[in-house]
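In case you want the letters, here they are:
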Amino acid sequence: MSSYTRTAKPVAARPTCNCATSTPLRDRAALDTKLAAIYIGKAEGTLKNNRSLGITDPPFVQDGRSITYRVSDLDDYLERHLVGGER
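Quick notes on the rules
Residues numbered from 1 in each chain as written. Predicted model: local features only at pLDDT ≥ 70, side-chain atom pairs only at ≥ 80, totals over all residues. Heavy atoms only, no water. Buried < 20%, exposed > 50% of the residue type's maximum accessible area, 1.4 Å probe, protein only. Helix = DSSP H or I, 4+ residues; strand = E, 2+ residues; numbered from the N terminus. Pairing = 2+ DSSP bridges. Axes fitted to C-alpha atoms, helices over the stretch in contact; angles between N-to-C directions. Left-handed = near helix turned anticlockwise from the far one by under 90°. Contact = heavy atoms within 4.5 Å. Nonpolar A, V, L, I, M, F, W, Y, C, P; charged D, E, K, R; others polar. Core = buried A, V, L, I, M, F, W, Y, C linked by side-chain atoms within 4.5 Å.

Side chains Ile67 and Tyr69 of strand E3 (residues 66-70) all project onto a buried face; the interleaved residues Ser66, Thr68 and Arg70 project onto a face where none is buried. Of the pairings in the sheet, the one linking strand E2 (residues 61-63) to E3 comprises three bridges and is antiparallel in character. Among the inter-strand pairings, Asp63 is bridged to a residue of E3, identified as Ser66. Taking the residues that link successive antiparallel strands as the turn, the E2-E3 hairpin has two residues, and the phi of Gly64 there is positive, at about 70°.

The following block contains the structure:
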């Protein structure tokens, strides 16, 4: 047996990014195409078709083949298309 003992140095827990503290949850929450369509009252096919035509309203996030819509962007989309009513 060796008399050498290895002691681990404590490592302070630090976040890998500051997104959890600087960005509200509303801005980070994302929905897939089906849920986004339900959220804004459109057909899922409409969102898919718009993306294929290059229409980026509402804006979406693409990571490889994965498409998500941020809730904050969907809320902004609904506000931009509000007719009448009070803001």
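Still to come is the rest of the account.
At a minimum axis distance of 10 Å, the contact between helix H3 (residues 33-40) and helix H5 (residues 71-80) shows a crossing angle of 30°. The interaxial crossing formed by H3 with H5 has right-handed handedness. Between H3 and H5, the contacting residues are Ala36, Tyr39 and Ile40 on the first element and Val71, Leu74, Asp75, Tyr77 and Leu78 on the second. A per-class count over the contact of H3 with H5 returns seven nonpolar, no polar and one charged.

For the bond from Asp57 to Pro58, the omega torsion is 10°, close enough to zero to count as cis. Mapped onto the secondary structure, Pro58 falls in the loop between helix H4 (44-52) and E2.

Another aspect to go through is the nonpolar core. One finds Leu31, Ala36, Ala37, Ile40, Leu47, Ile67, Tyr69, Val71, Leu74 and Tyr77 forming the largest nonpolar core, which totals 10 residues. Secondary-structure elements contributing two or more residues to this core are H3, E3 and H5.

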